[in-house]
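Tertiary structure, described
Below, each chain spelled out in residue letters.
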Amino acid sequence: MNIQEKNIFVDGAAYVNGEFMPVAEASVPVTDLGFIRSDATYDVVHVWNGRFFRLKDHVDRFLDSCERLRFNLPLSRDQLIDMLHGMVARTGFDKAYVNFTATRGRLAKGSRNPLDCENRVYGFTIPFSWIAPFEEQDAGIAMIVASSERTAIETMDPTIKNFQWGDFTRGMIEASDAGAKVAVHLNHEGNVTEGAGFNAFMLKDDVLWTSETGVLMGITRRTVLEIAERMGVEVKVTKVSENILRSADEIFISSTAGGVIPVRSLDGAPVGGASNARVALDIRDAYWKLHDDSEYSTPVRHDIVQA
Ligand SMILES: Cc1ncc(COP(=O)(O)O)c(C=O)c1O
């Protein structure tokens, strides 16, 4: 690839049904049901120091979601992985946010049957994007409990990564109005679920709690659970009441967009006290160390764009 070609990807690269292009040039047909009906699934993996983190797990989750939505993708698993390498290699980014999305696509003429569509695949990569950067993580971020409940799991399966962000968007605006960084949503029973792009963890009396249902099975969440087990922290993956949230010694969130992020305050009140995010920060450090481990990370194949 020559320098001129590389420069067009300076802000990011995208992939739309078979073609790579600069991220600003990528678009979606207005009749794609992904756009007009949120009939889509997506995944986000990151690249850190030139390596994808848990790429196989992200691809597995994405393909499983596609199968459950009864999508027939125009790309095989290997072609999808090549596409992800191809986007990042074009940008040369060392640290990147990499989105891949499948949509239902356009309805066949005269049909209302979602199964009559040609499903589509999109992707884009931009420089790594944080819910909160390292500098803010040490002090911890401010969280509120959103006034909007998370959509019921009987209505929408949260284990399929989805575009149902109406509740999250309301929460994000509420958080912004309150001067907070994030909002966590309860479900209709008052139990903790998740927030816009993250899972939530609570440490209380040395036990780490996270919600078992009503949430995306986050890849960062999985990594946190593995690390906690190795550290000998007792974990409860179960229903988490609002009371556990409000009386926690530590709260933190987990996301591909920023890793493990301690929470300093909840609805304006300080979280915990003595422990001072001790466990959260230990888990965070262990999480970033795994990014060099070849069991967890895969180097970007830059040679994929040489041909
Ligand atoms: C609703 C929701 N929950 C949790 C997460 C965290 O998942 P992961 O750790 O795989 O990024 C995300 C990621 O975007 C999300 O959208």
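Please refer to the structure placed before this passage.
Anyway, here's the lowdown on the structure attached to this text. It should be emphasised that the depicted structure is a prediction, and the values quoted were computed from it without experimental measurement.

Okay, the site of the ligand next. For the ligand, the set of nearby residues contains 17 residues, the closest of which are Lys-161, Glu-194, Ile-219, Thr-220 and Thr-256. The side chain of Lys-161 places a nitrogen or oxygen atom 2.4 Å from an oxygen atom of the ligand. A distance of 2.6 Å separates an oxygen atom of the ligand from a polar side-chain atom of Thr-256. Taken by itself the ligand offers 390 Å² of open surface, and the protein chains cover 94% of this.

Further remarks concern the environment of Gly-92. Topologically, Gly-92 is positioned in the loop between α4 (77–91) and β5 (96–106). In this structure Gly-92 comes out as partly exposed when scored by relative accessible area, which is 33%. Linking Gly-92 and Phe-9, residues 83 residues apart in sequence, is a C-alpha distance of 8.4 Å.

Attention now goes to helix α9 (residues 278–289). The end-to-end C-alpha distance of α9 is 17 Å, a good match for the 16 Å that 12 residues give at a rise of 1.5 Å each. Turning to α9, its buried residues number three or more, namely Val-279, Ala-280, Leu-281, Ile-283, Arg-284, Tyr-287 and Trp-288.

Across all of its chains, the model carries 17 aromatic pairs by this definition. Between Trp-48 and Phe-128 the ring centres are 5.2 Å apart and the planes differ by 70°, which places this aromatic pair in the edge-to-face class. Remark: Phe-128 occurs in the loop between β6 (118–127) and α5 (134–139) and Trp-48 occurs in strand β3 (residues 40–48); sequence separation between them is 80 residues. Each member of the pair Trp-48 and Phe-128 is classed as buried. Ring centres of Trp-130 and Trp-288 lie 6.0 Å apart, and the angle between their planes is 50°; on these two criteria the pair is classed as tilted. In this pair, Trp-130 is assigned in the loop between β6 and α5 and Trp-288 in helix α9, connecting sequence segments 158 residues apart. Given a relative accessible area of 29%, Trp-130 falls into the partly exposed group.

Cut-offs used in this document
Residues numbered from 1 in each chain as written. Predicted model: local features only at pLDDT ≥ 70, side-chain atom pairs only at ≥ 80, totals over all residues. Heavy atoms only, no water. Near = heavy atom within 4 Å. Polar contact = N/O pair within 3.5 Å; in protein donor to acceptor, adjacent residues only side chain to side chain. Areas by Shrake-Rupley, 256 points an atom, 1.4 Å probe, with all protein chains shown as cover. Helix = DSSP H or I, 4+ residues; strand = E, 2+ residues; numbered from the N terminus. Buried < 20%, exposed > 50% of the residue type's maximum accessible area, 1.4 Å probe, protein only. Expected span 1.5 Å × (residues − 1). Phe/Tyr/Trp six-rings, centres within 6.5 Å; stacked < 30°, edge-to-face > 60°.

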